[in-house]
Amino acid sequence: MTTTKMKPVDAVVVGSGVVGSIMAMELASKGLKVLCLERGRMIDPQHDFVMPYVNDELKYDRHSDIFQNLSRETISFRNNASQTALPMRELGSFKPGEMVGGTGAHWGCNARRFLPHDFEFRSRITERYGSNFFPEGCTSQDWGVTFDDVEPYYDQFEHIYGVGGKAGNLNGEIQPGGNPHEGPRSREYPNPATRRTPQGELFAKAATELGYTPFQGPAAAMTQDYTNLYKLMLGECQRGGFCSSHVCSQGAKANPLTAVLPALYRKENFELRPLCNVIKVNTDSTGKKATGVTYIDARGREVEQPAEIVVLATYCFNNTRLLLLSGIGTPYDPQTGRGVVGRNYSYQTGGRVHVFFDDREFNPFIGGGMVNTSIDDLNGDVIDRSNLGFVGGAYVAVSSFGATPIKNKPVPAGTPRWGAEWKKAVAQYYRRSFAISIHGSCQSYRHNYLDLDPTYKDANGLPLLRMTFDWHENEKKMLAFMYERITEIAKAMKPSKYAAHHIYKKYTIVPYQSTHNMGGAVMGADPATSVVNKYLQSWDVPNLFVVGGSAFPHNAAQGPTETIGMLACWAADGIKENYLQRPGPLV
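Residues numbered from 1 in each chain as written. Predicted model: local features only at pLDDT ≥ 70, side-chain atom pairs only at ≥ 80, totals over all residues. Heavy atoms only, no water.

A.B. asks: Report on the overall build of the protein, specifying residues and quantitative values.
C.D. replies: What the protein contains, in helices and strands, is 13 helices and 22 strands. Radius of gyration (C-alpha) of the protein: 23 Å, near the 25 Å computed for a compact globule of 587 residues. Principal-axis analysis of the C-alpha atoms places the extent of the protein at approximately 70 × 55 × 50 Å. Residue burial in the protein is summarised as follows: out of 587 residues, 61% are buried. For the protein, restricting intrachain contacts to residue pairs at least 6 apart in sequence, the fraction spanning at least 24 positions comes to 74%. As displayed, the protein has an accessible area near 22,900 Å², and 50% of this comes from carbon and sulfur atoms. Distance between charge centres in the protein, computed from 61 positive and 58 negative side chains, equals 4 Å. (Helix = DSSP H or I, 4+ residues; strand = E, 2+ residues; numbered from the N terminus. Rg over C-alpha atoms; globule rule 2.2 N^0.38 Å. Buried < 20%, exposed > 50% of the residue type's maximum accessible area, 1.4 Å probe, protein only. Contact = heavy atoms within 4.5 Å. Areas by Shrake-Rupley, 256 points an atom, 1.4 Å probe, with all protein chains shown as cover. Lys, Arg positive; Asp, Glu negative; His and termini not counted. Charge placed at Lys NZ, Arg CZ, Asp CG, Glu CD.)

As C-alpha cells, this is what we get:
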C-alpha cells in the first residue's frame, strides 16, 4: 500500500475523548499547531442527538449505536493463560465509545476524586499493616504522584466540567454536608450539589442511624446554568434520565462535545480529522524519538502524519495496543513478571441489593445526571482491615439514573423469569423499588494482563489485543464484606422485600458491569514497573505521552473519569511548562 505523507504538525493527539480534547485544547492554547485524529465518526450534538430520538434506549443502549464497531476491531478474552482466548463478538461487560467525543460522550457524570490513599496505595497499606498484608500476586503500586501534587488539576478539571457537589474537606477542615473522607480541596465545587431524591432521603436516614455519613455524590450534569473555563455555556440539567449510554439532548452533561470541543473548533491552529484510525506510532532509527503516526483514513488509504509531539489519548485498551503494535516499551511477561506494556490491567468490582416496597412509590422517570446519595465510610484508610483479610474498599450509593424500561425491571427473588407472574411483578415493583449499589476497587495482579493475540486480527490485519483477567479472592472477600454492610442498611429501610445480587465466582465478559477498564501502560517512579513517568511521558520515547485510564496502576473505588480528566490537565501542564522549555526526559 502506498503511504501518503502529510505536512508536519507540532503535536498529534490520538483520540478526541475526555483526555484528547483537553490535551488538544491546552496545547493549542499554548500556540502549538495541533492535529487530533479520531477513528469514530463526526458528531453534531445539535442535530444528531435531539428529542425525542436521543432517548431511544433500543438504538443507543441495546444496539450500541455510538459504541465500538466490533466487526472491525475487538478484543479477545480468557480467564487465564491455560485457556484459548476468543474474540468478543458483542458488547457486554463494557462499552468503549467510537465517535468524536469517545467513551466520555456517553459517561454517566459520576465525577469523584480519588482519595489520597489511592495514589500511595502500596506505601500506606504497607505502613499500616505490613508488606505481607497484600494478597499473593498483587502488583498494585504507588502512582509516582501524591494527592497534593495533583489537587490543583482536579480543581481545573472540575471547573472545565462544571462539577456540582458539596466540599467535605476544605484545606483540611471538615465541612458539614460533604464527604468527610475526601482529600483536602483548595476550594468549593464550581456548582452546588444535586437535590436529594425520596430514595436518597430513605437511604440517608438508614445510613445515619447505622453511624455512616451520607452526602450527595458529585456529578458533572449541571445543577445550574454554568459557563466553564473555556467560556462555554452548559444549561441546567432537567433530570430526564438517559445519560449513561446516551448523549445529552440538553447540553447539560459535561463531556468533550459540550465542555471542550466547541471552543477548540474556534482555534485556527487546531484540526480534527474523524474516521482516521491510527495503527502505529512511528519512531526514528534510534527508536528513541517519535516522528509521528501512521493511520488508515476513511477511504482506506494509509497516511503518515509527522509530528514533534505524539499524545496517545485513547481508551485503555487502544493506548496499550498501539504501544505493542509500535514496539515501544518492553511487553509484559507474566511468567517472569518482567516487562511493562500490558502490565497491571485491572477492572472494577460492583454489586447491589434491590429493595422492594408495597407501601411506597417512587418516580423512576426523574433522575439522571448521576443524582445520588452516597457514603464513603467503607473506603480508603477509613476502615480497619486488620481482621478483614482484604485490601481495597468501596463507596455505597443510591442513584436515580432515570427510567430505562428495557434494561431495568427489578423483581423480587423467586419471581418467574417470564409469563403472567413476571408481568405482574414488574407492574407492581417498577415504581416501588430501587437499588443500593456497591462501587468497589479492583487490585492488579501478576496474571491479569494485556498482550497481542497470536491468532485473531482486526480488519486491517493487525493482531487484536488479548485480555487475560479473572476475579481474585481478595475482591470476593471485599465484596462479601460490603454486601453484609449494605444489607444492614437495606433492612434499616424496612422494605417489604430485598434481594442481593450474587457475587460472580469467575469474571464473565457477557453481562454489562462497568466500562472502567484500567492499566496496561501505567505511570510510576520506576521504569522497571511503569510505562510512563509521573508526567505521563514515555520512559523510552520522551516526545511520546500516553494519557488516560491506561496509566492507572490499579483501580480505586471512585469512578475513574474525573481522575482521567485530571491526568489530562496534569500532563498538558507538564508539556507546556516543562517539556516545551527543555525537550527531553522530564524525570
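A.B. asks: Summarise the side chain of Ser-444; cite the residues concerned and give the values.
C.D. replies: As for its placement among the helices and strands, Ser-444 is situated in the loop between β18 (433-440) and β19 (449-457). Taking relative accessible area as the criterion, Ser-444 reaches 0% and is therefore assigned buried. Looking at Ser-444, its side chain comes within polar contact range of the main-chain oxygen of Asn-344, at 3.4 Å. Discounting residues that sit within four places of it in the chain, Ser-444 has contacts with Gly-137, Cys-138, Thr-139, Ser-140, Asn-344, Tyr-345, Ser-346, Pro-553 and His-554. (Polar contact = N/O pair within 3.5 Å; in protein donor to acceptor, adjacent residues only side chain to side chain.)

A.B. asks: Account for the side chain of Arg-485, naming residues and giving values.
C.D. replies: Following the sequence through the fold, Arg-485 ends up in helix α12 (residues 473-492). For Arg-485, a relative accessible area of 15% corresponds to the buried category. Those residues in contact with Arg-485 that sit more than four places away from it in its chain are Tyr-212 and Leu-378.

A.B. asks: Would you mind going over the sheet that holds strand β15 (residues 349-356) in detail, with residue names and values included?
C.D. replies: Reading across the sheet, the 6 strands line up as β8-β16-β17-β18-β15-β21 and stay open at both edges, with antiparallel pairing between neighbours. What marks the edges here is a single partner per strand, and that holds for β8 (215-216) and β21 (497-500). Relative to the sheet, helix α7 (residues 198-209) contacts β16 (371-375), β17 (394-400) and β18, its axis offset from that of β16 by approximately 5 degrees. (Pairing = 2+ DSSP bridges. Axes fitted to C-alpha atoms, helices over the stretch in contact; angles between N-to-C directions.)

A.B. asks: Outline the sheet that holds β19, supporting the account with residue identities and numerical values.
C.D. replies: Sheets are built from strands that pair by backbone hydrogen bonding, the pairs being arranged parallel or antiparallel. Across the sheet, 4 strands lie side by side as β5-β4-β20-β19; this open sheet has mixed pairing. Only two strands of the sheet have a single neighbouring strand rather than two, namely β5 (86-87) and β19. Here 2 bridges tie strand β4 (residues 75-78) to β5, and the two strands are oriented antiparallel to one another. Residue pairing across strands places Phe-77 opposite Leu-86, the latter belonging to β5. Relative to strand β20 (residues 463-468), helix α10 (residues 316-326) is tilted by about 125 degrees, and along the sheet it contacts β4, β19 and β20.

A.B. asks: Could you give me a rundown of unusual backbone geometry, with the residues and numbers involved?
C.D. replies: Here the residue pair Met-51 and Pro-52 is connected by a cis peptide bond, since its omega of 0 degrees sits within 30 degrees of zero. Secondary-structure assignment places Pro-52 in the loop between α2 (45-48) and α3 (57-62). In this structure, Asn-171 takes a positive phi of about 50 degrees despite not being glycine. Considering the arrangement of structural elements, one finds Asn-171 in the loop between β6 (169-170) and β7 (173-174). Unlike most non-glycine residues, Leu-275 shows phi in positive territory, near 55 degrees. Along the chain, Leu-275 falls in the loop between β11 (270-273) and β12 (277-283).

A.B. asks: Before we move on, can you summarise the packing of aromatic side chains with the specific residues and values?
C.D. replies: The final tally for this structure, using the stated rule, is 33 aromatic pairs. With centroids separated by 5.4 Å and ring planes inclined at 80 degrees, the aromatic side chains of Tyr-153 and Trp-570 adopt a geometry described as edge-to-face. Separated by 417 residues along the polypeptide, Tyr-153 in helix α6 (residues 147-161) and Trp-570 in helix α13 (residues 561-579) bring together distant segments of the chain. Assigned by exposure class, Tyr-153 and Trp-570 land together as buried. A ring pair is formed by Phe-357 and Phe-362, whose centres lie 5.7 Å apart and whose planes are at 75 degrees; its orientation type is edge-to-face. (Phe/Tyr/Trp six-rings, centres within 6.5 Å; stacked < 30°, edge-to-face > 60°.)

A.B. asks: Account for the nonpolar core, with residues named and values stated.
C.D. replies: The nonpolar side chains of soluble globular proteins are, as a tendency, buried together. With 129 residues, the main nonpolar core has Phe-94, Tyr-161, Phe-317, Met-467 and Leu-567 as its most contacted residues. Among the elements that line this core, the one with the most residues is α13, at 10 residues. Beyond its immediate stretch of four places on either side in the chain, Met-467 contacts Ile-75, Ser-76, Phe-77, Arg-78, Phe-94, Phe-317, Tyr-345, Tyr-449, Leu-450 and Tyr-507. By size, the runner-up hydrophobic cluster in this structure holds 28 residues, among which are Val-353, Phe-357, Ile-436 and Met-482. (Core = buried A, V, L, I, M, F, W, Y, C linked by side-chain atoms within 4.5 Å.)

A.B. asks: Go over the pairing of β15, please, and point to the residues and values.
C.D. replies: The element β15 is largely enclosed, with a buried count of 6 among its 8 residues. Judged from the 8 bridges that link them, β15 and β18 form a sheet pairing that is antiparallel. Along β18, the bridge assignment pairs Thr-349 with Gly-440. Here β15 pairs with β21 via 4 bridges, running antiparallel. Bridge pairing in β21 links Val-355 to Tyr-498.

A.B. asks: How would you explain the environment of Asn-191 if you had to name every residue and give the values?
C.D. replies: Position of Asn-191 relative to the elements: it lies in the loop between β7 and α7. Setting aside chain neighbours within four positions, we find Asn-191 in contact with Gly-162, Val-163, Gly-164, Gly-165, Met-222, Thr-223, Gln-224 and Tyr-226. Among the polar contacts listed, one links the side chain of Asn-191 to the backbone oxygen of Gly-162, at a separation of 2.9 Å.

A.B. asks: Describe in detail empty space enclosed by the protein, supporting the description with residues and values.
C.D. replies: Under the criterion given, the structure shown has 4 cavities of 30 Å³ or more. Reported here for the largest cavity is a volume of approximately 130 Å³. Lining the largest cavity we find 15 residues, and of these Arg-39, Gln-68, Glu-73, Ile-75 and Phe-317 sit closest to its centre. Of the residues forming the lining of the largest cavity, the biggest block, 3 residues, is contributed by α10. (1 Å grid on protein atoms, 1.4 Å probe; cavity = no way out; pocket = protein on both sides within 12 Å on 5 of 7 lines; lining within 4 Å. Points joined across faces, edges and corners; volume = space filled by probe spheres on them.)

A.B. asks: Could you give an account of the pattern of salt bridges, with specific residues and numbers?
C.D. replies: The final tally for this structure, using the stated rule, is 29 salt bridges. Between Arg-41 and Asp-65 there is a salt bridge, and its shortest N-O distance comes to 2.9 Å. Remark: Asp-65 occurs in the loop between α3 and β4 and Arg-41 occurs in the loop between β3 (34-37) and α2; sequence separation between them is 24 residues. Given a relative accessible area of 34%, Arg-41 falls into the partly exposed group. Asp-65 gets classed as partly exposed once you look at its relative accessible area, which sits at 26%. Put simply, Glu-488 and Arg-485 hold a salt bridge, and the shortest N to O gap is 3.0 Å. Of the two residues, Glu-488 and Arg-485 are both situated in helix α12; the distance of 3 residues between them amounts to about one turn of the helix. (Salt bridge = Lys/Arg side-chain N within 4 Å of Asp/Glu carboxyl O.)

The values are spatial; any link to function lies outside them.
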